[in-house]
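Next come the chains, spelled out residue by residue.
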Amino acid sequence: MHTNIPQLGLGTFRLKERQAIDSVATGLALGYRHIDTAQIYGNEAEVGQALAESGVARGGVFVTTKIWTENLAANRLRASLEESLVKLRTEYVDLTLVHWPSPGAAVSVAESMEALLAARESGLTRAIGVSNFPIPLLREAIAAVGADNIATNQVELHPFLQNRAVDAFMVDAGIHLTAYMPLAYGKVMDNATIARIAQVHGATPAQVALAWAMAKGYAVIPSSTQRANLESNLRARDLILSRQDIADIDALDRGERLVSPDFAPQWDS
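Read on for a plain summary of the structure. (Residues numbered from 1 in each chain as written. Predicted model: local features only at pLDDT ≥ 70, side-chain atom pairs only at ≥ 80, totals over all residues. Heavy atoms only, no water.)

**Section: empty space enclosed by the protein**
Rules: Each cavity reported here is a set of points on a 1 Å grid over the protein atoms alone in which a 1.4 Å probe fits but cannot get out, each pocket an open set with protein on both sides within 12 Å along at least five of seven lines, and each lining residue one with an atom within 4 Å of a point. Grid points are joined across faces, edges and corners, and a volume is the space filled by probe spheres set on the points. Lys, Arg, Asp and Glu make up the charged group, whereas Ala, Val, Leu, Ile, Met, Phe, Trp, Tyr, Cys and Pro make up the nonpolar group; the residues left over, Gly among them, are polar. Helix and strand definitions follow DSSP, with helices as H or I runs of at least four residues and strands as E runs of at least two, each counted in order from the N terminus.
Under the definition given, this model contains three cavities of 30 Å³ or more. Of the voids in this model, the largest cavity is the one considered here, and its volume is about 50 Å³. For the largest cavity, the full set of lining residues is Asn132, Phe133, Pro134, Val155, Glu156, Asn163, Val166, Tyr180, Arg257, Trp267 and Asp268. Grouping the constituent residues of the lining of the largest cavity by class yields six nonpolar, two polar and three charged. The computed volume of the second largest cavity comes to approximately 40 Å³. Contributing to the lining of the second largest cavity are Leu72, Val98, Pro101, Ser102, Val107, Ser108, Val109, Ser112, Met113 and Phe133. For the lining of the second largest cavity, the leading source of residues is helix H4 (residues 109-121), giving three residues.

**A closer look at the sheet that holds strand E4 (residues 95-98)**
Test applied: Any two strands with at least two DSSP-identified bridges between them are counted as paired. Only heavy atoms enter the contact rule, under which two residues are in contact if any of them lie within 4.5 Å. Angular values range over 0 to 180 degrees, each being the angle between N-to-C directions of two axes fitted as lines to C-alpha atoms, with helices fitted over their stretch in contact.
Here eight strands make up an open sheet; going across it, the order is E1-E2-E3-E4-E5-E6-E7-E8 and the pairing parallel. Each edge of the open sheet carries a strand with a single partner, namely strand E1 (10-11) and strand E8 (219-220). Relative to strand E3 (residues 62-67), strand E2 (residues 34-36) runs parallel, the two being bridged by three bridges. Across the sheet, Ile35 pairs through a bridge with Val63, a residue of E3. Along the sheet, helix H3 (residues 74-88) contacts E3 and E4; its crossing angle with E3, the most-contacted strand, is approximately 140 degrees.

**A word on the pattern of salt bridges**
Pairs can form between side chains of opposite charge once their charged atoms are near each other. Which entries qualify depends on this criterion: Salt bridge, as used here: a side-chain nitrogen of Lys or Arg that lies within 4 Å of a carboxyl oxygen of Asp or Glu. Only protein chains enter the area calculation, which uses a 1.4 Å probe; residues under 20% of their type maximum are buried, those over 50% are exposed, and those in between are partly exposed.
Counted by the stated rule, this structure contains ten salt bridges. Two residues, Asp36 and Lys66, come together in a salt bridge whose shortest N-O distance is 2.6 Å. Of the two residues, Asp36 sits in strand E2 while Lys66 sits in strand E3, which places them 30 residues apart along the sequence. The class for Asp36 is buried, based on a relative accessible area of 2%. According to the relative accessible area criterion, Lys66 is buried, its value standing at 0%. Members of the salt-bridge network, linked through shared partners, are Lys187, Arg254 and Glu256.

**Here we look at the layout of surface pockets**
In this model, the largest pocket occupies a volume close to 690 Å³. Forming the boundary of the largest pocket are 36 residues, of which Phe13, Met181, Tyr185, Ile221 and Ser223 lie nearest the centre. Per element, the largest residue contribution to the lining of the largest pocket is three residues, and it comes from helix H9 (residues 227-234). Considered class by class, the residues forming the lining of the largest pocket number 19 nonpolar, 14 polar and three charged.

**Here's the deal with the side chain of Asn191**
Where we set the bar: We call two N or O atoms a polar contact when they sit within 3.5 Å, provided that within protein one can donate a hydrogen and the other can accept it, with sequence-adjacent residues counted only if both atoms are side-chain atoms.
Along the chain, Asn191 falls in the loop between strand E7 (176-180) and helix H7 (192-201). The exposure class of Asn191 is buried, given its relative accessible area of 12%. At a separation of 3.0 Å, a polar atom in the side chain of Asn191 contacts the main-chain amide nitrogen of Thr193. The contact partners of Asn191, leaving out residues within four places of it in the chain, are Phe160 and Leu252.

**Remarks on the packing of helix H8 (residues 205-215) against helix H10 (residues 243-250)**
Here is the rule we go by: Angles are sorted into four bins: roughly parallel if under 35 degrees, roughly antiparallel if over 145, roughly perpendicular if 65 to 115, and oblique for all others.
Here H8 crosses H10 at 100 degrees, and the two axes come no closer than 11 Å. As summarised for this structure, H8 and H10 are arranged roughly perpendicular, according to the angle between their axes. From H8, Val208, Trp212 and Ala215 reach across to H10, where they touch Ile246, Ile249 and Asp250. For the contact of H8 with H10, the residue count by class is five nonpolar, no polar and one charged.

This is the structure we're talking about:
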């Protein structure tokens, strides 16, 4: 089941209360039509408020949320998603992901994926997928529901962590990749190679990093609280990098993972 995920979205990780409302409201006003949130972010209600007050038709915005680890069991997943829908003020979300694999495999991948699939069949979500899944767990998810039913795997990916093994596996499986942390917590701004490419194109380093990821076919979900940055990031869609630019950025991979909590799975090398 192919899901058309808008390639440039607005992430809301770490955005709280008024900051979350304002960022999403500004993003929608500027033209973002893909908003990414999660149960654990504690801002679904704020995202829902911004969506409701934006005047943008619900069908015109692609909304993603993610099921937190304590809600992955079949007897909790649906109810938790229904709570998310209430907070988001919507009858459905466009995409629901398993946010992290169950710590210690307390809940099997198959149980969570089958519960997610049932939620999709009930109309609570239009598509389902996973996040932070390494190759062995992707295999389990595929065995449970089939690759055609997995819309994306959302993983940390930026010029300094290019996740090539999982990317290659996903290409073979036909599963789309969504890159979170695409600006590496702002580290791309300090890189000489990216700065040089940006200067050549009259662009910002952030635009270059986003354009690089989009040139590879990934969806990207950068976040910002600043209107100027939100507007600038959106213009990355118009930046066309040369093959040499892309090769130069490809060479920056150093396996620098910035997000790896103590309950993270065993990552692919």
